[in-house]
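Reading the structure
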Amino acid sequence: MNQIFFRIVLCGVILTCFSYIAFPDDRARESFRRLMEYAHPTPVESLKELPMVPLSNESGLSYFYNVPVTVEETGIYQMQNESSIAVNPVNPNMLIASAVDYRDTSATWVYFSTNAGKSWRNKNLNRPFPGWRSSNDPSVAFSYDGIGYLVYGGFGILSDSGILSGENGVFLARSTDGGINWEAHIPIIVHKGVQTLDSNFEDKYYITCDNSPQSPYRGYLYVPWKRVTPKDSATQIVIAKSTNRGSSWSQPLPVSPRKSGTSEDTTFGQSFPLCTVGPNGEVYLVWNDGTESSIGFAKSIDGGASFSSPRNIIKYKPFGRTKFITGQGNRHTVKGAVRAEAYPSIVCDVTGGARNGYLYLCWSADSIPNVYFSRSTDGGATWSIPQIVHSETKNDQFWQWIAIDPTNGDLAIMYLDSRNDQNNLLTECYVSYSSDGGASWIDRRVSDVSMDLRLNPFTENSFAGDYSGCAFFAGKIYPSWVDMRSAVQNIYDSDVYTAYIDINTPNPPQNFAAQILPSEPNALLLRWDKPTTKVFGHLLDTSTTRYLLKREGNSLSLLAYNQTTYKDTGLTRYNLYRYSIVTISGQDTSVELFTQAFAGGSRKPSVPILVSVESPVAKTLQVQARIPSSREDSATVLVNLSSIIFFDGDTPLGEFPLQKTDTGQIVKLDLVVPDVGFYRLRAKIKDLDGNTSQFSNEFIVYTGEVKNIAEAVYLEKFDIENKRRFLRTNGWDYTTNFFYSSNSSITDSPQGNYPSRTILELTLFPFSLPDSGKVTISFENSAIIHRTDTGFVELIDRNGNFIVLGKYNMEMFEPWKDKVLDLNDWRRETFVVNPNEIAKELDVSRLYLLFRLVSGTLATDDGWYIDDVMVSTGTSFVGIDDSKAINVYPLPASSCIYLEFSDGAPEKIYLVDLYGNKYSIVESLSKVSETLFILHLNNIPAGVYQILCSDKKGNYLTKSFVVLR
């Protein structure tokens, strides 16, 4: 008995050990997976559709030129966010930057400029270990001696099988030539091998250099970070240092208390640590103590060997709005989607001036976030009452970063700002500047477009980064921010931008405009108002200020400060002239302002506006059009009005004479058109000199009978070349290469694969539904549509209301996946609808059947083929007898049917039922002669069927018959 018991126990031990080796800890795997996903979210291919807001540049003038930092991008994923930027104090023309960069499967990237940030180059430093991602939370800095540093995190990829990894680490790259060449992947801390619940995950690291001239620790490097332990979801702030320019690093020193159960909190627990160095080498460390809604603080006076007991110095109101994000849990967000969090940013004055040793802190807080500032004049013992640094508190201000000019102690805080969008969705980069130690601030818009942060390719459009960056040196400010201007066209292409901000830049002249001189058609008068200050409010030295005026980009005149007008003569009447002007003050130049005007007024009249277009009877359009009262420049009165010309697209339809008194009025005209069908109606105005305007707005209108389904079957076989029969957008056309019947079908891609990032629409002519009963809508289709794209079939009424009948791509039908077009690819789709139900949502007196393909960014395919569209009452099938090459008898059939082929039997013959199901019947046929065959129907239910086959030339043949019993 004891031996048996021993064997059972031993067997259990062996099995337990085997399970430990072969089956990794699922909790550890899931914990590390979540931590990695929080730190570096994975882009997704299928995104929730949001009502995106387009770019805008109408919210005011930016005083600064925007510069893309991320350039020469290739690959599918071209996203960047979470940027950091630094200026070389030895050579301020050299800058470095980095960001979370998804290029090359999230390798380590660094960006550098050798011309003071006016242009940039990107360099791929690859990764510390094969298969790792190493683009997490990057930060850059220059030491006093001009050595550039980049710190970044990396981690291995978890697989669903095999031994659990969870490997992660923090690394440093170093450049001794200003950022051109780099020694990469120097370990600060690395966790290799199998990681368990007791292992650590390192996150949110930011490098700081001791550049204080008086510091005994000058040249030391400090990197604090957030340490997470999965076992109890603990967070703790730790810090490591290097005393030999990053070649080796101390063991991380714990600074904050270890708080269990906080890493999964809405606020990420204790996070976002950042340090700065004081005049005597003091190290001041701050972090977000998220669960306490406070900013944590600790101080070292011995070069980072030890730190004071941590304490919370600022209590703030919780940031943003809480939202559940799939895969991440509850997170604070802005814009209803994008995750964001409060975090502190801190600098110290080490200039040796009047504010030497002052600490400056900024953060964002509140449900509708604001950017706050506080300072300490006693080494962090006490802090001033927080103040808001922006002049407008409407909407969101967040993702701030503070920088100090080490040459004079001036301060700059950059942040994202939504003050100019009434819907609080679009953001812009702003900078607030202070020259008095934060006692007062002046803010300026920096970005030259407004953008939608929700244009990101992550789960629920939720990730556009977690922080921004800013550098300041010798009066030059360099903010860095995530920018979505390219994401409007490609959601997988967000960028990092900066701006060259010189605080000595003069303001440009205000109200710059060109004035038409009616009595002098060969001249234009330019006017402007004098600027009196520089961009951040400093007074302008008017004794050295001039204006440079240009025409068509060429210098026209250098003018004195007090001159505010200039007459440009010798011009050609009706020509458009473009002008620009800048303020020049000493060596500094403002941004360029632009204006334009036509000498003597513009040649072309202004465009008419189509107010309404109706078609009460076939081939007649009743049009109401507003006639302009001025020429194209909106300044010159239109005095020689002649006529209005109507077009179908670019094709003239008719011209109507107008009276001079019609200017500014709405005229009503009956336009007779040559045929029934769809028209894209637009118009031009013509004057007595024969000059015509640009095209007006466009009305799409159908003229002709609206087919009543209660009276007749709606049948479209796409066998008649009639360009007005359908409304086609972006590519739909007939094709004879692949069809179901009648030797032609219609497709969205007649010349090859359909294009990406496009909506391709086909609208069929209208019909009306009966008051009651059932209506069957059916069509043959082959949807060779990429799995990430979708083809929609919709019913739409005259008011634009619609319902979706079906959605299609190649994943829905096995024969579509092989991308080889043959008879097997045709599938009949059938929808039986109730007019009474549809009438609750749509106007059933005029309905259109719409086929719409929406393509994304990843890939495209052959396309969507449509044939034999039919709309009829009831659920009966109406045969589409198409081929004289097949004879079927007797009709109706009962026990058998004869099939006679004029050209011999095809190799493949299918029987198609009412629902579009295909059955091969070659083996079921009994041969009578070379051309005559019998099909026995004993096992075939009564109903309506089609014979489908192809002849020896590849043409499709169809014939319908009915089985009665």
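Small disclaimer: the values here were computed from a predicted structure and weren't measured. (Residues numbered from 1 in each chain as written. Predicted model: local features only at pLDDT ≥ 70, side-chain atom pairs only at ≥ 80, totals over all residues. Heavy atoms only, no water.)

**Focus on the overall build of the protein chain**
Put simply, the rule is: In this text, helices come from DSSP runs of H or I with a minimum length of four residues, and strands from runs of E with a minimum of two, each type numbered from the N-terminal end. Only protein chains enter the accessibility calculation, which uses a 1.4 Å probe; a residue whose area is less than 20% of its type maximum is buried, one above 50% is exposed, and one in between is partly exposed. Here the Shrake-Rupley method, with its probe set to 1.4 Å, supplies the accessible areas, and only the displayed protein chains count as covering residues. In summary, the charge assignment counts Lys and Arg as positive and Asp and Glu as negative, without counting His or the chain termini. One atom stands in for each charge, and that atom is NZ of Lys, CZ of Arg, CG of Asp or CD of Glu.
Looking only at helices and strands, the protein chain has 5 helices and 70 strands in total. Counting the 965 residues in the protein chain, one finds 57% classified as buried. Carbon and sulfur atoms make up 49% of the accessible area of the protein chain, which amounts to about 39500 Å² in all. Positive and negative side-chain charges of the protein chain, numbering 87 and 104 respectively, have mean locations separated by a distance of 3 Å.

**A short note on the sheet that holds strand S5 (residues 121-126)**
Adjacent strands of a sheet form backbone hydrogen bonds with each other and so pair up, either parallel or antiparallel. In plain terms, the rule: Here, any two strands with at least 2 DSSP bridges between them count as paired. With axes taken as lines fitted to C-alpha atoms, and helix axes fitted only over the stretch in contact, angles between N-to-C directions fall between 0 and 180 degrees.
Taken together, 4 strands build an open sheet; the order of strands is S2-S3-S4-S5 and the sheet is antiparallel. Strands with a single pairing partner mark the edges of an open sheet, and in this sheet they are strand S2 (80-87) and S5. Put simply, the sheet's adjacent strands are angled 25 degrees from each other on average, direction ignored. The pairing of strand S4 (residues 108-113) with S5 spans 5 bridges and is antiparallel. Following the sheet pairing, Tyr-111 is matched in S5 by Asn-122.

**Points about unusual backbone geometry**
Residue Tyr-889 is joined to Pro-890 through a cis peptide bond whose omega torsion reads 0 degrees. The topology assignment puts Pro-890 in the loop between strand S63 (886-889) and strand S64 (896-901). If you check the backbone angles, Asn-461 has positive phi at about 55 degrees while not being a glycine. Within the element layout of this structure, Asn-461 appears in the loop between strand S30 (451-452) and strand S31 (469-473).

**Considerations on the packing of aromatic side chains**
The description of an aromatic ring pair uses the distance of the two centres, along with the angle that the planes make with each other. We count it as follows: Ring pairs shown here join Phe, Tyr and Trp side chains whose ring centres sit within 6.5 Å, with only the six-membered ring taken for Trp; geometry is labelled stacked below 30 degrees between planes, edge-to-face above 60, and tilted in between. Counting as a charge over the ring demands two things of the Lys NZ or Arg CZ atom: a distance within 6 Å of the ring centre and an angle within 35 degrees of the ring normal.
Applying the stated criterion to the full structure yields 55 aromatic pairs. With centroids separated by 6.1 Å and ring planes inclined at 25 degrees, the aromatic side chains of Tyr-152 and Phe-171 adopt a geometry described as stacked. On the criterion of sequence distance, the pair formed by Tyr-152 in strand S7 (residues 148-155) and Phe-171 in strand S8 (residues 168-175) is long-range, its members being 19 residues apart. One exposure class covers both Tyr-152 and Phe-171, and it is buried. Here the aromatic cluster, defined as three or more aromatic residues joined through ring pairs, consists of Trp-732, Phe-779, Tyr-808, Phe-831, Phe-851 and Trp-864. In this arrangement the basic side chain of Arg-485 is found over the ring face of Tyr-497, its NZ or CZ atom lying 4.0 Å from the centre. Sitting above the plane of the Phe-695 ring, Lys-684 keeps its charged end 4.4 Å from the centroid.

**Quick word on the confidence of the model for the protein chain**
To be explicit about the condition: Confidence scores here are pLDDT values: one per residue, from the predictor, ranging 0 to 100. Throughout, a residue-residue contact means that at least one pair of heavy atoms, one from each residue, lies within 4.5 Å.
Put simply, the protein chain has an average pLDDT of 90, and 93% of its residues get 70 or more. Segment residues 1-24 is flagged for pLDDT under 50; beyond a separation of four residues in sequence, or across chains, it makes 5 contacts in the model. Below pLDDT 50 for its whole length, residues 55-59 participates in 17 contacts with residues either more than four positions away or in separate chains.

**Comments concerning the environment of Tyr-111**
The criterion, for reference: Polar contact is defined as a pair of N or O atoms within 3.5 Å, subject to the rule that within protein one atom must be able to donate a hydrogen and the other to accept it, and that residues adjacent in sequence are counted only when both atoms are side-chain atoms.
Note that Tyr-111 resides in strand S4. C-alpha separation for the pair Tyr-111 and Ser-98, spaced 13 residues apart in sequence, amounts to 5.8 Å. A distance of 2.8 Å separates a polar atom in the side chain of Tyr-111 from a polar atom in the side chain of Asp-101.

**Side note on the sheet that holds S63**
One open sheet accounts for 4 strands, arranged S63-S64-S68-S67; its pairing is antiparallel. The open sheet is flanked by S63 and strand S67 (925-927), the only strands paired with a single partner. Pairs of neighbouring strands in the sheet enclose a mean axial angle of 25 degrees, with direction left out of account. Bridging between S63 and S64 involves 4 bridges; their strand directions are antiparallel. Within the sheet, the bridge partner assigned to Val-888 lies in S64 and is Leu-899.

**Considerations on a nonpolar patch on the surface**
Condition: In this scheme, patches are assembled from residues that exceed 30% relative accessible area and form no salt bridge. Like charges are connected within 9 Å, while nonpolar side chains (Val, Leu, Ile, Met, Phe, Trp, Tyr) are connected within 5 Å. What makes a salt bridge here is a side-chain nitrogen of Lys or Arg within 4 Å of a carboxyl oxygen of Asp or Glu, nothing more.
On the surface, Ile-609, Val-611 and Ile-666 cluster together into a nonpolar patch covering about 230 Å² of accessible area. With relative accessibility at 39%, the residue Val-611 sits in the partly exposed group.

**Concerning helix H2 (residues 26-39)**
Defined as follows: Working rule for helices: expected span equals 1.5 Å times residues minus one.
An ideal rise of 1.5 Å per residue puts 20 Å on 14 residues; H2 measures up with 20 Å between its terminal C-alpha atoms. Regarding H2, the residues found buried are Ala-28, Arg-29, Ser-31, Phe-32, Leu-35, Met-36, Glu-37, Tyr-38 and Ala-39.

**Section: the pattern of salt bridges**
Across all of its chains, the model carries 39 salt bridges by this definition. In this structure, the salt-bridge partner of Arg-419 is Asp-417, at a minimum N-O distance of 2.8 Å. In this structure, the salt-bridge partner of Glu-930 is Lys-927, at a minimum N-O distance of 2.9 Å. On the basis of relative accessibility, which here comes to 56%, the residue Glu-930 falls in the exposed class. A relative accessible area of 53% means that Lys-927 is categorised as exposed. Because the salt bridges share partners, they merge into one network encompassing Asp-137, Lys-204, Arg-339 and Asp-466.

**Quick look at the environment of Glu-711**
Structurally, Glu-711 can be placed in the loop between strand S50 (707-708) and strand S51 (714-716). Sequence separation of Glu-711 and Pro-770 is 59 residues, and the distance between their C-alpha atoms is 8.8 Å.

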